[in-house]
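Chain by chain, the residues:
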Amino acid sequence: MEPRLTDNLRLVFALIVLLSAASSENDRDLDFCGTWRHGQGPLSLSVNLSTGCDGISISADRSSLSIDGRITAQCRRSEVISLERLGLDSVKDSDFCLYWEPLLDQLKLQVRGKTLTLCWPASLQGSCCAHLSHGQNTPEAPYGIINGAVRNDVITHKTLTAYKFIGGPFNRKKLCDEASQESTQVMSEGAVMRSQAVGSVEHPCAPSSEVDMTKNFRGHNVTSPAAKDASAESTTTIYIPPALKLAAKKTSKVVCTFFTNNSLFQEGQKETRILGDVVGITMENEVITNLSEPIRIGFHHDVIPKTHSRTCVSWDTRKDPLQVNWLVDGCETQQKGANHTECLCDHLTYFTVLVQLEPRPVRHLLALTAITSLGCAVSVISCIALIIFLCRKSRRCKEQSIQIHLGLAISLAFLNLLFFFTGVLANVGGECVCSWVGAVLHYSLLSSFTWMGIEVFHTFWLVYMVFSPSPKPYVWNLIGFVLPAVPIIILAAVGDMYGLREVVASDDVSNPYLMCWMKDTHKALLAHYCTNLAVLAILVSSGIVMLFLVYREIRTRDEWRQNRVAFLSIWGLSCLFGTTWGLTFLDFGPLSDFVLFLSCILNSFQGFLLMLRFYMLDWMRKQTGGSALGSTSTGSTRQHMLQAQEKS
């Protein structure tokens, strides 16, 4: 009982430490949240930040949220930012939070789930503004901040025009050491108590190294200070080339900062994850680009499976200075192993390695592209030959199924022709052309699926609805060519659905394949599920059911004693009913590569396979004097109806 009592006392002690730290009025950092009560109309964010340590004020009125203060070590910012893109003008109240991390000189504002970084993490400085305390309350007003709270502790439920916080200067290195000791102490208590916490606690500060490029500078290697005592497999290294000395104009000092807490830069990254450290390489008042010799940064990180790509990226503020934007421009990725990546970059900024989580990079993309291009080219030629063959046959035979086969051949020819040229059009025409080509390609795909569905339904009609007249040809044309245009028109009216799409190869993520298709957005993905996959699921399931019913009807016929006839019937109907597209749903597990290649071959060569089917059936009919798979009659029996379908 005594050891258990000791463990319980330690647990209580640790909880007291954590709770007291969370409820302190003078916390090292600031976590302020509230609700901005504003009007409906154009809204803006006013930012006025300068270096020093007087304090910070968060104020609000009907149309503007303002953040003013002198609390930063080196961040300066003064501007008015429109909040129109956040969609706040349609509501009256907006929840927000302001986070201040003095040890890294970072200030973030979160409004309705959208994070705006006002001051980016910086390297360790001599002093910082910490332990902000709440100042005197301001007057109430109809518009302002309601339910202001520090670390979830509500200060007041009234609507105030502003909240003010006063801070004091502290030695930053001393605070880092204290914070590190506190984290280690709490973690050691947890280890003694056998808690579920695993791993080490990250150092709360960003260690940095300064390199002075002397006159005869010949390059220098920098190792992460926090990892000097660790194993070589966990370090981050930087090689600064002599070319940087030649490119520098104003200073010779380079600061390399290692951010082990990469969550500071993870905001907005939904489909990617940062691996390991984020490294900042800067020179004061210098913009360095296009170095003749690249900077080499070696990252050690967790082991990454081959199915996930990793890319060296650099941070860029030109697109949106308030949010994290990672670009591949200016960096080359070299994979040194499953857990080691080297980045070769020709400029200075923040660098890291991103791993792609979704969509999954495509393995063997070059081989699949070659197969698809060849298959589409052959299918286009085959479909044209099949169209000519069916047109000639329709003059001799008035069977309605010929018109349905003709509609399928036309739609497949159009689909394969567009898919063959989509890569060329994407590279030449860009986003503008792809918005049209993607919509037309989507239409041709849905039209092909629709005609395959018509083939299924018409076969069912011939076999099970013998005495009922089949719909007129113009009805099939309306369904096959007009109906697929309806969802395309709706999606085009919604907007931002079609455009340039990148298909990333797992072995070369820096050179993606470009095509015109639906965009990689949430609403486009939803449209893909509701149109393509839903129609495909219905088509494949109905096609498989129809294959089974056809097999049950004709398996007792004399012609089925010939194996080639039996095989040709089921194989031909499988292509006709679109069941080969069902392989799309089997692309998972250990047979994923095999299924992917098989699906690519069968579907890209579908036009050729259909042409082969019809020519083989016609040849066999001639060899047997018109009796292969039945007579030429379209009599009133089910078998004769099926025979007419198979012959055509």
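As the structure is a prediction and not an experimental result, all values here were calculated from the model.

With that out of the way, let us pick up the overall build of the protein. Scanning the protein for helices and strands turns up 12 helices and 25 strands. For the protein, buried positions account for 46% of its 648 residues. With an accessible surface of roughly 32,600 Å², the protein has 57% of that area assigned to carbon and sulfur atoms.

Evaluated as defined, the whole model comprises six disulfides. The partner cysteine of C33 in its disulfide is C97, sulfur to sulfur 1.9 Å. Residues C33 and C97 are joined through a disulfide that is right-handed, its torsion about the S-S bond being 110 degrees. Note that C33 is positioned in strand 1 (residues 30-37) and C97 in strand 6 (residues 93-101), a separation of 64 residues in sequence. Residue classification places C33 among the buried positions, given a relative accessible area of 19%. With a sulfur-sulfur separation of 2.0 Å, C434 is cross-linked through a disulfide to C516. In this structure the cystine formed by C434 and C516 twists about its S-S bond by roughly -60 degrees; its chirality is therefore left-handed.

Attention shifts here to the confidence of the model for the protein. Per-residue confidence for the protein gives a mean pLDDT of 78; residues scoring 70 or more make up 75%. Low pLDDT, under 50, characterises residues 627-648; the predicted model gives this stretch 69 contacts beyond four residues in sequence or across chains.

This part is about the pattern of salt bridges. One pass over the structure, following the stated rule, counts nine salt bridges. Measuring nitrogen to oxygen at the nearest pair gives 2.5 Å for the salt bridge that ties D54 to R70. Taken together, the residues span a long stretch of sequence, with D54 in the loop between strand 2 (44-51) and strand 3 (55-60) and R70 in strand 4 (residues 64-72) at a distance of 16 residues. By relative accessible area, which is 36% here, R70 ends up partly exposed. The partner of E342 in a salt bridge is K336, with the nearest N and O atoms 3.9 Å apart. Taking the relative accessible area as the measure of exposure, E342 reaches 16% and is therefore buried. For K336, a relative accessible area of 48% translates into the label partly exposed. Residues participating in the shared-partner salt-bridge network are R296, K336 and E342.

Pairing within the open sheet is antiparallel, and its five strands lie in the order 14-15-18-22-21. Edge positions in the sheet fall to strand 14 (220-223) and strand 21 (331-337), since each has one partner strand and no second. The mean angle between the axes of side-by-side strands here comes to 15 degrees, regardless of whether they run parallel or antiparallel.

Take a nonpolar patch on the surface next. Side chains of L417, F420, F421, V424 and V428 sit close together on the surface and give an oily, nonpolar patch of about 450 Å² of accessible area. Relative to the elements of secondary structure, F421 occurs in helix 5 (residues 400-464).

The next thing to look at is the side chain of T341. Its location among the elements puts T341 in strand 22 (residues 340-345). At 2.7 Å, the side chain of T341 forms a polar contact with the side chain of R310.

Looking now at helix 11 (residues 606-623). End to end, helix 11 covers 25 Å across 18 residues, agreeing with the expected 26 Å (1.5 Å per residue, within 8%). Within the span of helix 11, buried status applies to Q606, G607, L609, L610, M611, R613, F614, L617, D618 and M620.

So, on to the sheet that holds strand 7 (residues 106-111). Sheet strands associate in pairs through backbone hydrogen bonding, adopting either a parallel or an antiparallel arrangement. Here six strands make up an open sheet; going across it, the order is 8-7-6-1-10-11 and the pairing antiparallel. Each of the sheet's edge strands pairs with one partner strand only, and the pair in question is strand 8 (114-119) and strand 11 (153-160). Adjacent strand axes in the sheet meet at a mean angle of 20 degrees, parallel and antiparallel pairs treated alike. Direction of pairing for strand 7 relative to strand 8: antiparallel, over a ladder of five bridges. In the sheet register, L107 faces strand 8, and the bridge partner there is C119.

Before going further, it helps to spend a moment on the environment of S209. Mapped onto the secondary structure, S209 falls in strand 13 (residues 208-212). You can call S209 buried: its relative accessible area is 17%. Sequence separation of S209 and V254 is 45 residues, and the distance between their C-alpha atoms is 8.3 Å. Not counting chain neighbours up to four residues away, the residues in contact with S209 comprise V222, T223, P225, V254, V255 and C256.

So, about unusual backbone geometry. With phi around 50 degrees, R151 is a residue other than glycine that occupies positive phi space. Of note in this structure, N152 is not a glycine but carries a positive phi near 70 degrees. Looking at where N152 falls in the secondary structure, it is placed in the loop between strand 10 (140-150) and strand 11.

Along the chain, I240 turns up in strand 15 (residues 237-240). Sequence separation between I240 and R296 is 56 residues, and the spatial gap between their C-alpha atoms is 7.0 Å. With residues near it in sequence (within four places) discarded, I240 still touches V211, M213, F217, G219, H220, V222, V254 and C256.

What follows is about the packing of helix 4 (residues 365-396) against helix 10 (residues 592-604). For the pair helix 4 and helix 10, the least separation of the axes is 8 Å and the interaxial angle reads 20 degrees. Relative to helix 10, helix 4 is oriented roughly parallel. The way helix 4 lies across helix 10 gives a crossing that is right-handed. Contacts between helix 4 and helix 10 involve A367, L368, I371, T372, G375, C376 and S379 from the first element and L596, F597, C600, I601 and S604 from the second. The residue inventory of the contact of helix 4 with helix 10, partitioned by class, reads eight nonpolar, four polar and no charged.

In this section: the packing of aromatic side chains. Under the counting rule described, the total for this entry stands at 10 aromatic pairs. Judged by centre distance (5.0 Å) and plane angle (90 degrees), the ring pair of F420 and F421 falls under edge-to-face. When its relative accessible area of 33% is taken as the criterion, F420 is described as partly exposed. Seen in terms of ring centroids, F449 and W581 are 5.2 Å apart; in terms of plane orientation they differ by 85 degrees. Their pairing is edge-to-face.

Reading the values: rules and limits
- Residues numbered from 1 in each chain as written.
- Predicted model: local features only at pLDDT ≥ 70, side-chain atom pairs only at ≥ 80, totals over all residues.
- Heavy atoms only, no water.
- Helix = DSSP H or I, 4+ residues; strand = E, 2+ residues; numbered from the N terminus.
- Buried < 20%, exposed > 50% of the residue type's maximum accessible area, 1.4 Å probe, protein only.
- Areas by Shrake-Rupley, 256 points an atom, 1.4 Å probe, with all protein chains shown as cover.
- Disulfide = S-S within 2.5 Å.
- pLDDT = per-residue confidence, 0-100.
- Contact = heavy atoms within 4.5 Å.
- Salt bridge = Lys/Arg side-chain N within 4 Å of Asp/Glu carboxyl O.
- Pairing = 2+ DSSP bridges.
- Axes fitted to C-alpha atoms, helices over the stretch in contact; angles between N-to-C directions.
- Patch = residues over 30% accessible without salt bridge, like charges linked within 9 Å, V, L, I, M, F, W, Y side chains within 5 Å.
- Polar contact = N/O pair within 3.5 Å; in protein donor to acceptor, adjacent residues only side chain to side chain.
- Expected span 1.5 Å × (residues − 1).
- Parallel < 35°, antiparallel > 145°, perpendicular 65-115°, else oblique.
- Left-handed = near helix turned anticlockwise from the far one by under 90°.
- Nonpolar A, V, L, I, M, F, W, Y, C, P; charged D, E, K, R; others polar.
- Phe/Tyr/Trp six-rings, centres within 6.5 Å; stacked < 30°, edge-to-face > 60°.

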